[in-house]
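Survey of secondary and tertiary structure
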Amino acid sequence: MSLHDDAVLVLKGLEGGEGQEELRQVYLDHLATHPDGVWKACTAGHLTASALVVDPERGRVLLTLHRKLRMWLQMGGHCEPQDGSLAAAALREAGEESGVAGLTLLPGGPVLLDRHRIPPPCHWHLDVQYAAVAPPGAVEAISDESLDLRWFPYAEVAEVADGSVVRLLEATRARL
């Protein structure tokens, strides 16, 4: 199965809350009209995969200070040819950007969808957001894509991150 086919199946099976159903349809329409819609080369916009790394036992979340955007965000990025699924892309990105070994995705598929504008030549990132649980004793390591990497207590996330990260954390905590 291609990554494009996996994305369509994942999105068709996604049950969304407020605003998510309309966004899910935007993603499906995009994939229907853009066979390359999962790849960075699709300048009309493309799917990305991300994962919020959480440590439920200690009530904290690992965020990266994105090098280009200079914002505290969840781990994530572009799909790569070796990714067999959106879940695999999200898990790969989370591991690469956090340095944490042994991450596992929270069961139940994506937690949220989030569409955001990006600078040209592309126009949109259609992010499929998962949550990844860190194993006990997880040790993080900063990557080249980050200026910083830090654990934040759940209650502090709204002080450092934008609304999309806060919504992702709220949805993740509801699923835990």
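Look up a bit, the structure's there.
Right, let's walk through the structure included here. Every value quoted in this text rests on a predicted model; they were computed, and no experiment measured them.

Considering the packing of aromatic side chains
Per the stated rule, a full pass over the model turns up one aromatic pair. Ring centres 5.0 Å apart and planes at 80° place the aromatic pair tryptophan 72 and phenylalanine 152 in the edge-to-face group. A residue pair is termed long-range when its members are at least 10 positions apart, and tryptophan 72 in strand β3 (residues 72–73) and phenylalanine 152 in strand β8 (residues 146–153) qualify at 80 residues. Taking the relative accessible area as the measure of exposure, tryptophan 72 reaches 11% and is therefore buried. Given the relative accessible area of 5%, phenylalanine 152 is considered buried. Positioned above the aromatic ring of tryptophan 151 is the side chain of arginine 60, whose terminal nitrogen or guanidinium carbon lies 4.0 Å from the ring centre. The ring of tryptophan 124 carries the charged tip of arginine 115 above its face, separated from the ring centre by 4.3 Å.

Description of the environment of methionine 71
Relative to the helices and strands, methionine 71 resides in the loop between β2 (60–66) and β3. When the C-alpha atoms of methionine 71 and aspartate 162 are compared, they prove to be 8.1 Å apart, with 91 residues separating the residues in sequence. With residues up to four places along the chain from it excluded, the contact list for methionine 71 reads Thr64, Leu65, His66 and Asp162.

Some details on the pattern of salt bridges
Taken as a whole and assessed by the stated rule, the structure comprises seven salt bridges. Residue aspartate 55 is joined to arginine 60 by a salt bridge in which the shortest nitrogen-to-oxygen separation is 2.9 Å. In this structure, aspartate 55 and arginine 60 share a single accessibility class: buried. Across the salt bridge formed by arginine 92 and glutamate 96, the nearest N and O atoms sit 3.2 Å from each other. Placement of the pair is arginine 92 and glutamate 96 together in helix α3 (residues 86–98), with a separation of four residues, close to one helical turn.

What counts and what doesn't
- Residues numbered from 1 in each chain as written.
- Predicted model: local features only at pLDDT ≥ 70, side-chain atom pairs only at ≥ 80, totals over all residues.
- Heavy atoms only, no water.
- Phe/Tyr/Trp six-rings, centres within 6.5 Å; stacked < 30°, edge-to-face > 60°.
- Helix = DSSP H or I, 4+ residues; strand = E, 2+ residues; numbered from the N terminus.
- Buried < 20%, exposed > 50% of the residue type's maximum accessible area, 1.4 Å probe, protein only.
- Lys NZ or Arg CZ within 6 Å of the ring centre and 35° of its normal.
- Contact = heavy atoms within 4.5 Å.
- Salt bridge = Lys/Arg side-chain N within 4 Å of Asp/Glu carboxyl O.

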